[in-house]
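# Structure assessment
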Protein chains: 2
Amino acid sequence: MKIAIFLFDNYTALDVIGPYEVLSKLPGAQIFIVGTEKKPYTDSHGLKIFAEYTLNEVEHADILLIPGGFGIDYILKNQEVIAWIQKVDLTSAWTVSVCAGSLLLAEAGLLKGKMCTSHWGRKKQLRSYDVMVAEGYERYVKDGKIITSAGVSAGIDMALYLVSLIAGDKTAKIIQLAMEYDPKPPFNCGTPDKAPKEILESMKRS
Amino acid sequence: MKIAIFLFDNYTALDVIGPYEVLSKLPGAQIFIVGTEKKPYTDSHGLKIFAEYTLNEVEHADILLIPGGFGIDYILKNQEVIAWIQKVDLTSAWTVSVCAGSLLLAEAGLLKGKMCTSHWGRKKQLRSYDVMVAEGYERYVKDGKIITSAGVSAGIDMALYLVSLIAGDKTAKIIQLAMEYDPKPPFNCGTPDKAPKEILESMKRS
């Protein structure tokens, strides 16, 4: 089970590590952290994760995972990356994204006419492509072999679901228990429809 | 707001990145990834995160965070690390752990007589110290300035709670919404009391 995770500067760390933690526990999982160069990539707050493979070293993968982050807008214009995503998707069993990563799939034409999602703050941008954007705040949306996730933390839920599709419910449940994934957020404001108006307003201003 | 995160080989990546993603969004947050050496540290599945500071470069921090992972048993015997944790804790505002990271706090004597927790599979080991281990599956346990978390994913809940203590509920809610943290695990088996017996048994066998 070959899993390729694409990394770029100004990614969101949890977009990468949420699904990574789940998928790396799949029986036989081999993880390939892939970048345009073999180097440490820096997230929005300075964390450095190493990409040990370049694009041309990983042209096939069972799962292709595209995370999001503020850097996505810059990477959208990188034709080498777009061509790589298109190539890997040709033979992937699953092509998945977290947060704004779905924009890169859309830019590569992989979401054309498909139902998909993204971080709530990125949905307007996603709608500018020829795609169908889910109206609600589903954690993930599956359309054929493509699964797109909502913002940041949603990649954990998506990856557990993906494990259940690949290896069955029992394996997914074992991984969930190993991660003690019984979340209890201290507040109930993880989506715009649940957050108090003042919270939403202060985010729009910032 | 100086935040020191200790890294060692065979850490669990989500133990680090769950709280990192939350705490790095604290206003004025400065993150210091600290190791015994300045080098990339490898998690249990091969991911490399860079530690950019050595122990003697970071002797004070507002928040000291100790993640867990299989490598914790090896690092428990490292007297240089134990002494560093004791030193940083002397002036920290908060000393916190995720998963098996609480064992390192216990080994350093910081949990003596205190109420604490750990990954469900590590509680027996934690009880071997002179500490009070919470009976249930609370996501985190606060005793004075020390907060210990349950397994892996619990660090996200703990960090949001910590943000609310430091910067108020509004800031914590803004961060939760930014991360779209509205978790919906596909299964309800994140703790041993919720998991089917066959799942628990298969984990004990493995």
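Here is a short report on the structure shown in this document. These numbers come from a predicted model, not from an experiment.

It is worth spelling out unusual backbone geometry at this point. All names here are of chain A. At Asn10, a residue that is not glycine, the phi angle is positive and equals roughly 65°. By the secondary structure assignment, Asn10 is in the loop between strand E1 (2-6) and helix H1 (13-23). We classify Asn10 as partly exposed; its relative accessible area is 36%.

Once that is clear, we can look at helix H3 (residues 79-91) of chain A. All names here are of chain A. Inspection of H3 places Val81, Ile82, Trp84, Ile85, Val88 and Asp89 among the buried residues, and these make up the whole buried set. End-on, the buried residues of H3 take up no more than an arc of 160°, which puts them together on one face. In H3, those exposed residues whose orientation departs by more than 90 degrees from the buried face are Gln79 and Leu90. Elements that come into contact with the buried residues of H3 comprise E1, strand E2 (30-35), strand E6 (63-66), helix H2 (72-75), strand E7 (94-97) and helix H4 (101-107). The backbone nitrogen of Glu80 has a side-chain oxygen 3.0 Å away, supplied by the residue at the start of H3, namely Asn78.

Aromatic ring pairs are reported here in terms of the distance separating the ring centres and the angle at which the planes meet. Under the definition given, this model contains 8 aromatic pairs over all chains. Seen from their ring centres, B:Tyr140 and B:Tyr161 are 4.7 Å apart, and the 15° between their planes marks the pair as stacked. Placement of the pair is B:Tyr140 in strand E10 (residues 140-143) and B:Tyr161 in helix H6 (residues 154-167), with a sequence separation of 21 residues. Within the aromatic cluster, the residues linked to one another by ring pairs are A:Phe6, A:Phe8 and A:Trp84. When the ring centre of A:Tyr41 is taken as origin, the NZ or CZ atom of A:Lys39, which lies over that ring, is 4.7 Å away.

Residues and elements named next belong to chain B. Here strand E6 (residues 63-66) shows two buried faces, one formed by Ile63 and Leu65 and the other by Leu64 and Ile66. Where strand E1 (residues 2-6) and E6 come together, 3 bridges link them in parallel fashion. Across the sheet, residue Ala4 finds its bridge partner in E6, namely Leu64. Relative to strand E7 (residues 94-97), E6 is paired through 4 bridges, and the arrangement is parallel. Within E7, the residue paired with Leu65 across the bridge is Val96.

The biggest cluster of nonpolar side chains holds 152 residues, and the ones touching the most others in it are A:Ile85, A:Leu104, B:Ile85 and B:Leu104. Those residues in contact with A:Leu104 that lie beyond four places of it in its chain are A:Phe6, A:Ile66, A:Ile72, A:Ile75, A:Leu76, A:Val81, A:Ile82 and A:Ile85.

In the structure shown here, the tally under the stated rule is 20 salt bridges over all chains. What you see here is one network of salt bridges that share partners, running through A:Asp182, A:Lys184 and B:Lys194.

Calculation notes
Here the residue index of a chain counts from 1 through its sequence in written order. Naming scheme: in the order in which they are written, chains are lettered from A and ligands are numbered from 1. Where totals are concerned, whole chains, interfaces and linings use all residues; where local detail is concerned, this predicted model gives features only for residues with pLDDT of at least 70, and gives and counts side-chain atom pairs only at 80 or more. Calculated side-chain values reflect all of the structure's heavy atoms, with hydrogen atoms and water omitted. The way it works is that DSSP assigns letters per residue, a run of H or I at least four long becomes a helix, a run of E at least two long becomes a strand, and they are numbered from the N terminus. Relative accessible area decides the class of each residue, using a 1.4 Å probe on protein chains only: under 20% of the type maximum gives buried, over 50% gives exposed, and in between gives partly exposed. Directions from the helix axis toward the C-beta atoms define the arc. In what follows, residue pairs with any heavy atoms lying within 4.5 Å of each other are defined as contacts. Polar contacts, as used here, are pairs of N or O atoms within 3.5 Å; protein pairs need one atom able to donate a hydrogen and one able to accept it. Residues neighboring in sequence count only if both atoms are side-chain atoms. In this scheme Phe, Tyr and Trp rings, the latter by its six-membered ring, pair at centre separations within 6.5 Å, and the angle between planes marks the pair as stacked below 30 degrees, edge-to-face above 60, and tilted otherwise. Two conditions define a charge located above a ring, namely a distance within 6 Å from the ring centre to NZ of Lys or CZ of Arg, and an angle within 35 degrees of the ring normal. DSSP bridges decide pairing: two strands pair if at least two such bridges lie between them. What is meant by a nonpolar core is a set of buried Ala, Val, Leu, Ile, Met, Phe, Trp, Tyr and Cys residues, joined one to another through side-chain atoms within 4.5 Å. By definition, a salt bridge exists where a carboxyl oxygen of Asp or Glu is found within 4 Å of a side-chain nitrogen of Lys or Arg.

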